[in-house]
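Coordinates in review
Listed below, chain by chain, are the residues.
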Amino acid sequence: MVSGQGKAYRFDPGTLCLELTTTGGPGAFARWEVLHEPSDLVTWAGRSRLPDGLDLTVSAGELERARTLRDAVFLLAADRAHGRPLQAAHLDAVNAAAAESPLVSRIEPDGTRAWAPGATGTHLLATVARDAIDLFTGPYADRVRECGAHNCHLLFVDTSRPGRRRWCAMEHCGNREKARVHRARHTPTKP
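Residues numbered from 1 in each chain as written. Predicted model: local features only at pLDDT ≥ 70, side-chain atom pairs only at ≥ 80, totals over all residues. Heavy atoms only, no water.

Let's talk about helix α4 (residues 88–98)
Those residues of α4 not exposed but buried are His-90, Val-94, Ala-97 and Ala-98. One face of α4 carries all of its buried residues, which in axial projection span an arc of 105°. Seen from the open side of α4, the exposed residues pointing more than 90 degrees away from its buried face are Ala-88, Ala-89 and Asp-92. Lining the buried residues of α4 we find α3 (60–81) and α5 (121–137). (Buried < 20%, exposed > 50% of the residue type's maximum accessible area, 1.4 Å probe, protein only. Helix = DSSP H or I, 4+ residues; strand = E, 2+ residues; numbered from the N terminus. Arc of directions from axis to C-beta. Contact = heavy atoms within 4.5 Å.)

Some details on the packing of aromatic side chains
Tallied over the full model, the rule gives one aromatic pair. We note Arg-113 situated over the ring of Trp-115; from NZ or CZ to the ring centre the distance is 5.3 Å. (Phe/Tyr/Trp six-rings, centres within 6.5 Å; stacked < 30°, edge-to-face > 60°. Lys NZ or Arg CZ within 6 Å of the ring centre and 35° of its normal.)

Some thoughts on the packing of α3 against α5
α5 packs onto α3 with a crossing angle of 10° between their chain directions and a minimal axis gap of 10 Å. With respect to α5, the element α3 is oriented roughly parallel. In this structure, α3 uses Glu-62, Arg-65, Ala-66, Leu-69, Val-73, Leu-76, Ala-77 and Arg-80 to contact α5, whose residues at the interface are Gly-121, Thr-122, Leu-125, Val-128, Ala-129, Ala-132 and Phe-136. Here the residues of the contact of α3 with α5 are counted per class, giving ten nonpolar, two polar and three charged. (Axes fitted to C-alpha atoms, helices over the stretch in contact; angles between N-to-C directions. Parallel < 35°, antiparallel > 145°, perpendicular 65-115°, else oblique. Nonpolar A, V, L, I, M, F, W, Y, C, P; charged D, E, K, R; others polar.)

A closer look at the nonpolar core
Core analysis: the biggest nonpolar cluster contains 36 residues, and Leu-41 and Leu-124 have the highest contact counts within it. Elements supplying a minimum of two residues to this core: α1 (16–20), α2 (38–47), α3, α4, α5 and β6 (155–157). At eight residues, the largest contribution of residues to this core is made by α3. Look past the residues within four positions of Leu-41 in its chain and what remains in contact with it is Leu-20, Leu-35, Val-58, Leu-63, Ala-66 and Leu-124. (Core = buried A, V, L, I, M, F, W, Y, C linked by side-chain atoms within 4.5 Å.)

Considering the pattern of salt bridges
Tallied over the entire structure, the rule returns nine salt bridges. Of the charged contacts in the structure, one is a salt bridge between Glu-64 and Arg-67, with a shortest N-O distance of 2.6 Å. One end of the pair is Glu-64 and the other is Arg-67, both in helix α3 and three residues apart, which spans about a single turn. Among the ionic pairs, Asp-79 bridges to Arg-84, the shortest N-O distance being 2.8 Å. Residue classification places Asp-79 among the buried positions, given a relative accessible area of 9%. (Salt bridge = Lys/Arg side-chain N within 4 Å of Asp/Glu carboxyl O.)

As for the side chain of Thr-127
Mapping Thr-127 onto the fold places it in helix α5. Of note is the side chain of Thr-127, whose polar atom sits 2.9 Å from the backbone nitrogen of Leu-103. The residues touching Thr-127, leaving out its near neighbours within four places in the chain, are Leu-16, Pro-102 and Leu-103. (Polar contact = N/O pair within 3.5 Å; in protein donor to acceptor, adjacent residues only side chain to side chain.)

Comments concerning the packing of α3 against α4
α4 packs onto α3 with a crossing angle of 130° between their chain directions and a minimal axis gap of 9 Å. Looking at the two axes, α3 sits oblique to α4. Considering only the axes of α3 and α4, their crossing is left-handed. For the pair α3 and α4, contact is made by Leu-69, Ala-72, Val-73, Leu-75, Leu-76 and Asp-79 and by His-90, Leu-91, Ala-93, Val-94 and Ala-97, respectively. Split into classes, the residues belonging to the contact of α3 with α4 amount to nine nonpolar, one polar and one charged. (Left-handed = near helix turned anticlockwise from the far one by under 90°.)

Quick word on the side chain of Thr-21
Mapped onto the elements of the fold, Thr-21 is located in the loop between α1 and α2. Polar contacts involving the side chain of Thr-21 include one to the main-chain carbonyl oxygen of Leu-18, which spans 2.6 Å. Residues within four places of Thr-21 in sequence aside, it is in contact with Arg-70, Val-73 and Phe-74.

Okay, here's the thing in structure tokens:
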């Protein structure tokens with residue numbers, strides 16, 4: 001990720017589906033949109049946690065469905081993070097994408113993993129949607145968090161042992177928030 005000031009930092013949301021939420025989002029988060037062309041979704045897939053070697057073809061319609069799925073996952077994760085009930089329309093979007101055939105992996109003669117040829121955006125979205133279902137129904141469903149910084153809304157899965165992770169990235173938001181609190185404590189008040 002790259003901060004608003006242009007500084008690169010590492011952010012691991014913990015799951016494939018939450019990686020997709022960093023590409024934009026609904027409402028005010030649309031200003032961060034990076035999925036403008038089908039090739040943008042292909043680029044995202046190449047940078048995601050999916051193993052290398054995916055030869056992916058994405059249509060304009062699949063790109064639009066990717067944004068719909070992304071927005072649904074974003075809103076579901078935000079609802080989970082804040083203890084709100086999950087909305088039926090968002091669940092329907094995830095379930096519809098998950099009903100399609102996912103990406104297919106295979107083993108090569110040399111024992112390495114590869115992707116079956118003919119991967120499409122629909123296959124990719126089904127894989128992402130199934131990952132979302134696993135997240136929202138699995139053991140980490142109650143550990144979906146939103147960054148604790150006052151101006152960061154990145155969503156992540158808290159896989160720390162104690163379950164108390166607060167920041168998207170300690171070297172970015174964590175340090176910035178701790179410095180802000182420190183300054184506030186040590187700034188003299190004016191009479």
